[in-house]
Amino acid sequence: MAPVAVSAPTVRLHDGRVTLTCGDAVAEVHPHWLRDRSTETGQIEPTNRQRLFTPLDVPVDIAVVACDVVDHALHVAFSDGHRAVLDLGGIEIALGWREDSEEPPAPEPWAAPLADFPDVDWRDITFDPASEDVDALIGCLRAFFRHGYVVFRNTPAEVGTVARVADRLGYLVGQNFGWVFDVEAKPAPTDLAYTSYALRAHTDEPYRRPVPGIQMLHCIRNEALGGDSTLVDGMAAAMALAAAHPEWHAALVDTEVVFRYDMGVDTVVNRGHILEYDRSGRYRQIRLNTKLDEPIVRPGVDLDAYYLGRRWLTEWTNDPAHQVTFRLEPGDIMFMDNQRALHGRTAFDPTSGHRHLQGCYIEHDGPDTMYRLAVRRRRAKLAG
């Protein structure tokens, strides 16, 4: 629903329930929904703002007995004797009638390299929150939420930097390669990333529960010939498949897949789908990693459509027309949404020079929280 609130809503009380009207928008709000929003003394813990009451403390048949709008606040009296003054702006945001200034921007699918490459000077973000440029931070995070990736420039080209950046932007998440992993050509590689082979566009670790949310790759040295990085938008790929071949798209949504990492001495297994959406049909994630996936064979499952859709996605995401290709220089960090942006690399010659990246993962709630708090800091700064 598009934001509609330009003036205070009108209120109607009928049979213990409140109906709010603002222009053409109308909403009947449940008494329990209003009761749960109370922040009166004794209702929430003042520091963490969590409720001190549970559903068992509120009558199941609670009703609203009086309601009015005063100074853009909703004054409500309940049948259990509780009275609350509720923030009408927060109610309008919850109903979708007013934009939430703290909500990160919606993703914007891209099917070709962006006109403006989303790179960010880390010196504007810094490791010290007290010296950050809050506008630069908000701009960086907005670009990430919109496009699914950004590249940080000018971080220290030193071992361990990626963990420091991860701790600044969120919370470091461990996985079967450790907290931080080194991407170098190795004689006994535990993953194809640790070779000099070209890597097709893929998402990382679909076999994990949960699948890692955000991947960071930090360039420490990149002296070898080749080894350029690629990124492509999996959300745009899913949309293109749905438009071109809806039956193949449906097969990738519906067919359950086993994702398996197994090198004998280590194994991690998960089940899921290549394309996942929420109940409202909104894109959630792509898990495309054709090195370690296998559909589960069940009666009635259309594997012809599944394999055609998987092949089509592989072709689309590896078409240079849809990819952005660039070279990571020492001090660069590729910061990408592992549930949206597929990454890859060109082959490189390990005898021509040393190529050393360090990587790690964090989850989406880190940048989400950072964005919301940065918006609050900027608002407070402007108000002060």
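Everything below is about the structure shown above.
Notes on the structure in this doc start here. (Residues numbered from 1 in each chain as written. Predicted model: local features only at pLDDT ≥ 70, side-chain atom pairs only at ≥ 80, totals over all residues. Heavy atoms only, no water.)

**Details of the overall build of the chain**
- Along its length, the chain carries nine helices and 23 strands.
- In terms of principal-axis extent, the alpha carbons of the chain reach across some 80 × 60 × 40 Å.
- Expressed as a percentage of the 384 residues in the chain, the buried residues total 47%.
- Here the chain has roughly 19200 Å² of accessible surface; of this, 51% comes from carbon and sulfur atoms.
- The average position of the 39 basic charges and that of the 56 acidic charges among the side chains of the chain differ by 1 Å. (Helix = DSSP H or I, 4+ residues; strand = E, 2+ residues; numbered from the N terminus. Buried < 20%, exposed > 50% of the residue type's maximum accessible area, 1.4 Å probe, protein only. Areas by Shrake-Rupley, 256 points an atom, 1.4 Å probe, with all protein chains shown as cover. Lys, Arg positive; Asp, Glu negative; His and termini not counted. Charge placed at Lys NZ, Arg CZ, Asp CG, Glu CD.)

**Observations regarding helix α9 (residues 365–383)**
- Between its first and last C-alpha, α9 extends 27 Å over 19 residues, near the 27 Å set by a 1.5 Å rise per residue.
- Regarding α9, the residues found buried are Gly366, Pro367, Met370, Tyr371, Ala374 and Val375. Across the axial projection of α9, the buried residues extend over an arc of 160 degrees, all falling on one side.
- Structurally, α9 contributes buried residues whose contacts are with α4 (134–147), α5 (161–169), β11 (214–222), β20 (333–337) and β23 (355–362). (Expected span 1.5 Å × (residues − 1). Arc of directions from axis to C-beta. Contact = heavy atoms within 4.5 Å.)

**Brief notes about the state of the cysteines**
- A full pass over the atoms with the stated rule returns zero disulfides.
- Cysteine Cys67 remains unbridged, with the sulfur of Cys22 as its closest cysteine sulfur at 15 Å.
- With no disulfide of its own, Cys219 lies closest to Cys360 among cysteine sulfurs, the gap being 15 Å.
- Exposure remark for Cys219: the relative accessible area of 0% places this residue in the buried category. (Disulfide = S-S within 2.5 Å.)

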